[in-house]
Amino acid sequence: MEQKNNSDQVLNTVRSIVYHLNDVNWVKMTQKMMALPINNVKLLDDITNIIFDRALKRQNYTHIYAQMCARLINDFKFNNLIATDTEITFQKVLLKKCHDVFYSNYQEELKKLKDTMKNDNMVPKKCLSGVLNNFLFDFQKRSICNCRFIGELFKNGAFPEKYILKCIGDLGKEKNELQMHCLCIILQSVGLILSKTSYDLNKKINKLVSSMENHGMSSTLKCLIKKLKIMNSKGWMDEEPVQFAGKNYNAYRDLPPHMQMVYRVRSKKIMSDWAYDESHDRRLNVVNNYKIEVRSNIPPKL
């Protein structure tokens, strides 16, 4: 019981630190975090969860959380947990969380949501649309903010180069707009460092520029690609943290009406696809049942 109380006190302190972190106090707050008694793997995982989740919610402060994490990784108590399993480190736990969000599959998550609501016939379409709106907003924001966080961790030496190159390579294979947006966010953060290596940034950026011919591409993504092109042409001299335009919206309901419309249109498209798939499945079942019935009534050959 005493250990649980101590863990609760530590977690409350961590929440207070990460909820009030800013450009002015982050060094002092990081030192306060380093002084916390971390004595078991569960506590380390809970602390990492709090830091990671807050970093992804405060999208224009992601670089501050990355700086704090880099300091913690270089601190013995965090990078080498004092426990029986000395292979568990703050860095490994943090990178695992970044990895899980980065490789979360949109279609699989959407299918889970569909399966959850499939048998709930009492849910009105309006409520279903609202659930989809929230899902689409949360998935997109979390994906983009995670990529921003990954890029900032790399800038601070807390994310290995081989992993950042794999992330860039995997995003470059995708053609949907969210993945291209994520690629732009990472390249904005890591372009300066990678430009000093043998990695060919021009190839990636030229491919993004050529994709702007897609007439269905949003103006937001086009602006990101244009900015990326300018930064590359100027030798990545702009080292300021990449800022997200506009207000930091934490939920779909906070969005202004014109921004909500984008998600409503996508939700209606998903609902339409679901309705078509279910109708197709029902027709297929009817046909298959009819074939079975016909076969069962055919008299045996003599």
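Residues numbered from 1 in each chain as written. Predicted model: local features only at pLDDT ≥ 70, side-chain atom pairs only at ≥ 80, totals over all residues. Heavy atoms only, no water.

### What about the overall build of the protein?
What counts here: The helix and strand labels rest on DSSP assignments: H or I over at least four residues marks a helix, E over at least two residues marks a strand, and numbering proceeds from the N terminus. Any residue under 20% of the maximum accessible area for its type is buried, any over 50% is exposed, and the rest in between are partly exposed; the area is computed with a 1.4 Å probe on protein chains only. Between two residues, a contact is recorded if the distance between any of their heavy atoms is within 4.5 Å. Where accessible areas are quoted, they stem from the Shrake-Rupley method and a 1.4 Å probe; at the residue level, only the protein chains shown are allowed to cover.
A tally of helices and strands in the protein yields 13 helices and 0 strands. Walking the protein from its N terminus toward its C terminus, one meets helices and strands in the order α-α-α-α-α-α-α-α-α-α-α-α-α. Here the protein holds 302 residues, and the buried ones make up 42% of them. Sequence separation of 24 or more characterises 74% of the internal contacts of the protein that already satisfy a separation of 6 or more. Summing over all exposed atoms, the protein offers an accessible surface of approximately 18,300 Å²; the carbon and sulfur share of this is 54%.

### Some remarks on helix α12 (residues 219–233)
Along an α-helix, residues three or four apart share an orientation, since each turn contains 3.6 residues. We count it as follows: Residue count minus one, scaled by 1.5 Å, sets the expected span of a helix. Starting at the helix axis, one direction is taken to each C-beta atom, and the arc is that of these directions.
With 15 residues, α12 extends 21 Å from end C-alpha to end C-alpha; this agrees with the ideal 21 Å at 1.5 Å per step. Listing the buried residues of α12 in full gives L221, L224, I225, L228, M231 and N232. Buried residues of α12 fall within an arc of 125 degrees about the axis and therefore sit on the same side. Facing away from the buried side of α12, by more than 90 degrees, are the exposed residues S219, C223 and S233. Each element contacted by the buried residues of α12 is listed here: α10 (177–194) and α11 (201–210). G235, located one to two residues past α12, shows a positive phi value of around 75 degrees.

### What about the packing of helix α3 (residues 41–57) against helix α4 (residues 62–73)?
Packed helix pairs are specified by the crossing angle of their axes together with the interaxial distance, meaning the distance between the axes. Threshold: Note on geometry: axes are C-alpha line fits, over the in-contact stretch for helices, and angles between N-to-C directions span 0 to 180 degrees. Angles below 35 degrees are treated as roughly parallel, those above 145 as roughly antiparallel, those between 65 and 115 as roughly perpendicular, and all remaining angles as oblique. Helix crossings fall into two classes, left-handed where the near helix is turned counterclockwise from the far one by less than a right angle and right-handed where it is turned clockwise. When residues are sorted by character, Ala, Val, Leu, Ile, Met, Phe, Trp, Tyr, Cys and Pro go into the nonpolar class, Asp, Glu, Lys and Arg into the charged class, and all the rest, Gly among them, into the polar class.
Relative to each other, α3 and α4 sit at 155 degrees, their axes nearing to 8 Å. Taken together, the axis directions place α3 and α4 in an arrangement best described as roughly antiparallel. With respect to the hand of their crossing, α3 and α4 are arranged in left-handed fashion. Residues I51, R54 and A55 of α3 form the contact with α4, whose own contacting residues are T62, Y65, M68, C69 and L72. Considered class by class, the residues forming the contact of α3 with α4 number 6 nonpolar, 1 polar and 1 charged.

### Structural notes on the state of the cysteines
Test applied: Disulfides are defined in this document as cysteine sulfur pairs within 2.5 Å.
On inspection of all chains with the given rule, the structure shows 0 disulfides. C145 takes part in no disulfide bond, and the closest cysteine sulfur, belonging to C182, lies 9.3 Å away. Taking relative accessible area as the criterion, C145 reaches 0% and is therefore assigned buried. We note that C167 lacks a disulfide partner, and the nearest cysteine sulfur, in C147, lies 7.1 Å from it. For C167, a relative accessible area of 5% corresponds to the buried category.

### Re the nonpolar core
This is how the line gets drawn: Residues belong to a common nonpolar core when they are buried Ala, Val, Leu, Ile, Met, Phe, Trp, Tyr or Cys residues joined through side-chain atoms within 4.5 Å.
Grouped together as the largest cluster of nonpolar side chains are 85 residues, with contacts concentrated most on M33, I51 and F149. Among the elements that make up this core, the one with the highest residue count is helix α8 (residues 125–155) (13 residues). Residues within four places of I51 in sequence aside, it is in contact with V14, V18, M33, Y65, M68, C69, L72 and F90.

### Details of the environment of N156
Spelled out, the test is: Any pair of nitrogen or oxygen atoms within 3.5 Å is treated as a polar contact; in protein, a donor-acceptor pairing is required on top of that, and neighbouring residues in sequence qualify only through side-chain atoms on both sides.
Mapped onto the elements, N156 comes out in the loop between α8 and α9 (161–173). Ignoring any residue separated from it by four or fewer positions in sequence, one finds N156 in contact with A66, Q67 and A70. At 2.8 Å, the side chain of N156 forms a polar contact with the backbone oxygen of E152.

### Structural notes on the packing of aromatic side chains
The condition is simple: Paired rings are identified among Phe, Tyr and Trp, the last through its six-membered ring, by centres lying within 6.5 Å, and are further divided according to the angle between planes into stacked (under 30 degrees), edge-to-face (over 60) and tilted (the rest). For a lysine, the NZ atom is tested; for an arginine, the CZ atom; a charge sits over a ring if that atom is within 6 Å of the ring centre and within 35 degrees of the ring normal.
Taken as a whole and assessed by the stated rule, the structure comprises 6 aromatic pairs. The interplanar angle of 35 degrees and the centroid separation of 6.0 Å between the aromatic rings of Y106 and F135 together place this pair among those described as tilted. Of this pair, Y106 sits in helix α7 (residues 106–117) while F135 sits in helix α8, and the two are 29 residues apart along the sequence. Given the relative accessible area of 24%, Y106 is considered partly exposed. Here the aromatic cluster, defined as three or more aromatic residues joined through ring pairs, consists of Y106, F135 and F139. The positively charged end of R54 is found above the aromatic ring belonging to Y19, 4.0 Å away from the centroid.

### What about the pattern of salt bridges?
Going by this rule: Note on definitions: salt bridges are taken to be side-chain nitrogens of Lys or Arg within 4 Å of carboxyl oxygens of Asp or Glu.
Under the defined criterion, the tally for this structure stands at 9 salt bridges. The salt bridge involving K42 is made with D46; its shortest N-O contact spans 2.7 Å. Linking K42 with D46, this pair stays in helix α3, spanning 4 residues, or about one helical turn. By relative accessible area, which is 55% here, K42 ends up exposed. Looking at D46, the relative accessible area reads 18%, which means it is buried.

### Description of the confidence of the model for the protein
Rule in force here: Per-residue confidence from the predictor is given as pLDDT, running between 0 and 100.
When the pLDDT values of the protein are averaged, the result is 81; 79% of them are 70 or greater. Per-element confidence in the protein is highest for α4, whose mean pLDDT is 94, and lowest for helix α13 (residues 257–297), whose mean pLDDT is 65.

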